[in-house]
Each structure stands twice: as structure tokens, then as C-alpha cells.
Amino acid sequence: MTCILVVDDDPICLELLSETLIGAGYSVDLAVDGEDAWDKLNSYKHDLVLLDRVMPRLDGLGLLRRMKGDAALSGIPVIIQTSASSQDEILEGLEAGAHYYLCKPVYPDLLCPLVAGIVADIAERKSLRDCKANVTVALSLMTSGDFKFRTLDDVRSLAAVLAELCDRPDDVGMGLLELMINAVEHGNLGISYTEKSELRKTWRWEQEISRRLGVAPWSSRVARVRASHDGEDVVFVISDEGDGFYPGRFMQMEPARAFDLHGRGIAMANAASFSRLEYQGRGNVVMARAPARRDC
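The structure contained in this document is the topic of the report that follows. Here the structure is a predicted model, which means the values were calculated and not measured. Just so you know, the residues in each chain are numbered from 1, in the order the chain's sequence is written. It should be noted that, the model being predicted, local features are given only for residues of pLDDT at least 70 and side-chain atom pairs only at 80 or more, the latter also being counted only at that level, while totals for whole chains, interfaces and linings use all residues. To get the side-chain values, take all heavy atoms of the structure and skip hydrogens and water.

## What to know about the overall build of the protein
Each helix corresponds to a stretch of at least 4 residues labelled H or I by DSSP, and each strand to a stretch of at least 2 residues labelled E; elements are numbered beginning at the N terminus. In terms of regular secondary structure, the protein is built from 10 helices and 10 strands. Along the three orthogonal principal directions, the C-alpha set of the protein runs to about 55 × 45 × 35 Å. Contacts between residues were defined by any pair of non-hydrogen atoms, one from each residue, lying within 4.5 Å. When contacts within the protein are restricted to residue pairs at least 6 apart in sequence, those whose partners lie at least 24 apart make up 66%. Surface accessibility follows the Shrake-Rupley procedure with a 1.4 Å probe radius. Residue values consider only the protein chains on display as shielding. Counting only carbon and sulfur atoms, one obtains 52% of the accessible surface of the protein, whose full area is about 13900 Å².

Written as C-alpha cells, this is what we have:
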């Protein structure tokens, strides 16, 4: 069961958040400030941290920076919930490594879809690791290959396999996952940013993807990924049959999108997965480069 550490010095907030998350089916651990949370993070495994920003002894940003400096804890997603919501404060939190921001008071109809989305991302990462067992030695002999994909299941399988060509397969796998899902949902299926926000809030995102995959004009569209390497880098070129978009505002984390349920995938891929990320043409082609495995 997913275990969430909730950190808040307000006992009423702590109780309300705990009740909401337990009611949604999660295991919950509680901490009253950053120092208390740090002790618990080092004594028990947590999958996600829901963190108040303003607290005594050690505040939320202080705890977040400690976590990011610890190899065992740096990968745990962190949601900051706060009343400190100016543009500068949001940017400071994003730069410190927060995955999402929630503005107090935190309502269940916003918290639950957000947590569910992060838990799904955690499961995707685990699935990518598990898929490594399916990769054969032949993959290391490949100098280039072309693949097509239509569905989210196609994306998950391909991302896991192709990432094994790279020196950091976990990070590259998550980046490929984000870029290839974008090619399916926003590219081929034409789901807009606003539409995805509503679909995530109402738990209908994958349902709508399945529906569009089965009806015209989307049902005939395919996306493609080409992978090639020269012994130094692996270059991935991902393309779709959509209308394209302007990627500029999505290449970096923006405070304006800090409270959205999605919209961080490209920025995270750009920052953590690839040494270079570049959109081409009208925005329906993206090139991503990462160091190749040393034994390839």
C-alpha cells in the first residue's frame, strides 16, 4: 500500500489531510514539523510527502532541500501545501525540487486526483524497472531502429526497452514516457492542456484516450520513435501526426502552472532525463539525446 508522510504543525490540518488520504485508500504517517519528518523519513519507507511550508524548527523548504541532498530520499515526490503562494515563493519551491504546489486550504476534490496522479507516476517508474527483465542482449547490438506506437501500453513497453540503451535508464525511461505519452494524447488524439486538466480532475483521462483511439479521425493515427547511437550518445526522434504546438513555455518549470495537475513532463525530461531536448518543425517532432550505455 502507498504510504504518504503528511507534515504540518497545525493539528486540525493534520487530522483533515489524514482523514482524506486514509479515506482514499492510502496508508498515512504523520509529522508535526520538519525535524520530526526527517526522523521518520530515515526510519521508514515513504512513497510521497505532503509538506507544509511554514513550520517551526525546520520548515518545508529546509526539509525538501535535505531530502534532495540525500541519495536515498531525493527521488520521493513532494507536494508543498502552503499559504505562501506569491510567484517568487512558488519559484523558490519549484527550484528546491517540489513536484506540486497546493494552496491552503486544501480541498479533497483537488488533493485526491493529484495524489492519484503521482501514485500512478510512481507505478510507471516501477513498471519501467520491472520491464528490464524483458530486454535481451540483442538490444546492445542495435545501432538504429524505428518503432511505431498508438496506445499507452505501447508507450510503456517501448520506453522501458529503449531506455536500456542509455547510461541512466531509469531517468531516460521516465523522460521517454513523458514525451511519448504527449505524442499520443496531445499529438495524435488532440487532447488539449485544458481538456486534460478536466479529465484528470474527473478521473476520465485514460478512458477518454481509449475512446479516441477507437474513433475517427484519431483511430488511424500512429506515432513513431527512432533510436540510434554511435557509441557516445543515443538519439531519440519522436514524431506524431498531430497539429503540433509551441513548446517554449513547457521547457522549464513555470510558477503559473505550479497548481495544475499536470504540465511538468517536458520540463522534467529536459532537466533530468536528457543532455539535450529540442522540438522541431511545427512542434510534432522532438529530438532527445542521452549518453549511451558504456557496455553498448
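## Section: the layout of surface pockets
Take a probe with the size of a water molecule and roll it over the atoms, and the empty space left behind shows itself. Within this model, the second largest pocket holds a volume of roughly 180 Å³. Considering the residues around the second largest pocket, the lining is formed by C13, L16, L17, T20, Q81, K104, P105, V106, P108 and L111. Contributing elements (two or more residues each) for the lining of the second largest pocket: helix 1 (11-23) and helix 5 (108-130). Per-element tally for the lining of the second largest pocket: the top contributor is helix 1, with 4 residues. Here the term charged refers only to Asp, Glu, Lys and Arg, the term nonpolar to Ala, Val, Leu, Ile, Met, Phe, Trp, Tyr, Cys and Pro, and the term polar to all other amino acids, Gly among them. In terms of residue class, the lining of the second largest pocket is built from 7 nonpolar, 2 polar and 1 charged. A pocket, in this scheme, is an open set of points on a 1 Å grid over the protein atoms alone with protein on both sides within 12 Å along at least 5 of 7 lines, while a cavity is a set where a 1.4 Å probe fits but cannot get out; residues line either one if an atom lies within 4 Å of a point. Grid points are joined across faces, edges and corners, and a volume is the space filled by probe spheres set on the points.

## Some thoughts on the nonpolar core
The term nonpolar core refers to a set of buried residues drawn from Ala, Val, Leu, Ile, Met, Phe, Trp, Tyr and Cys, joined through side-chain atoms within 4.5 Å. The buried label goes to any residue with under 20% of its type's maximum accessible area, the exposed label to any with over 50%, and the partly exposed label to all in between, with areas taken from a 1.4 Å probe on protein chains only. Ranked by internal contacts, the top residues of the largest apolar core, which has 42 residues, are F149, L176, F236 and F274. Among the secondary structure elements, those contributing two or more residues to this core are helix 6 (152-163), helix 7 (169-188), helix 9 (205-213), strand 7 (223-229), strand 8 (233-239), helix 10 (265-273), strand 9 (276-280) and strand 10 (285-291). Among the elements that take part in this core, helix 7 stands out by supplying 9 residues, more than any other. Setting aside residues up to four positions removed in sequence, F236 forms contacts with L162, C166, V172, L176, V225, R226, A227, F274, V286, M287 and A288. Grouped together as the second largest cluster of nonpolar side chains are 23 residues, M55, L58, L61 and I76 included.

## Description of the environment of A288
Position of A288 relative to the elements: it lies in strand 10. On the accessibility criterion, A288 (1% relative accessible area) is buried. Between the C-alpha atoms of A288 and G69, which are 219 residues apart in sequence, the distance is 27 Å. Contact partners of A288, with chain neighbours within four places excluded, come to L179, V234, V235, F236, F274, R276 and L277.

## A word on the packing of helix 8 (residues 193-201) against helix 9
Following both chains from N to C, one finds helix 8 and helix 9 inclined at 125°, their axes separated by 7 Å at the closest point. With respect to their mutual orientation, helix 8 and helix 9 come out oblique. Along its contact with helix 8, which presents E195, K196, L199 and R200, the element helix 9 presents W205, E208 and R212. Taken together, the residues of the contact of helix 8 with helix 9 break down into 2 nonpolar, no polar and 5 charged. Simply put, an axis is a line fit to the C-alpha atoms, just over the touching stretch for a helix, and the angle between two N-to-C directions goes from 0 to 180 degrees. Here roughly perpendicular refers to angles of 65 to 115 degrees, roughly parallel to angles under 35, roughly antiparallel to angles over 145, and oblique to all remaining angles.

## Quick notes on the environment of L189
Relative to the assigned elements, L189 resides in the loop between helix 7 and helix 8. For L189 and C13, which are 176 residues apart along the polypeptide, the C-alpha to C-alpha distance reads 40 Å. Setting aside chain neighbours within four positions, we find L189 in contact with V184, I209, R212, L213 and W218.

## Considerations on the sheet that holds strand 5 (residues 100-103)
Judged by pairing direction, the sheet is parallel, and its 5 strands sit side by side in the order 2-1-3-4-5 without closing on themselves. Here the strands that pair on one side only, and so sit at the sheet edges, are strand 2 (27-31) and strand 5. Strand-to-strand twist across the sheet, computed as the mean angle between neighbouring axes with direction ignored, equals 20°. Pairing of strand 3 (residues 48-52) with strand 4 (residues 78-82), which is carried by 4 bridges, proceeds in the parallel orientation. Its bridge partner lying in strand 4, L50 is registered against I79. Together, strand 1 (3-7), strand 2 and strand 3 form the strand contacts of helix 2 (residues 34-41), whose direction differs from that of strand 2 by roughly 135°. Paired strands are those between which DSSP finds at least two bridges.

## Examining the pairing of strand 9
Both faces of the sheet carry side chains from a regular strand, because those side chains alternate between them. Residues L277 and Y279 point to one face of strand 9 and are all buried, whereas R276, E278 and Q280, pointing to the other face, are not buried. What sits between the antiparallel neighbours strand 9 and strand 10 is a turn of 4 residues, in which G281 has the positive phi angle 60°.

## Overview of helix 10
Listing the buried residues of helix 10 in full gives G265, I266, A267, A269 and S273. Elements in contact with the buried residues of helix 10: helix 7, strand 9 and strand 10.

## Remarks on the environment of T20
If you trace the backbone, T20 turns up in helix 1. Since its relative accessible area comes to 19%, T20 is described here as buried. A sequence separation of 91 residues divides T20 from L111, and the C-alpha atoms of the two residues are 8.5 Å apart. Not counting chain neighbours up to four residues away, the residues in contact with T20 comprise P108, L111 and C112.

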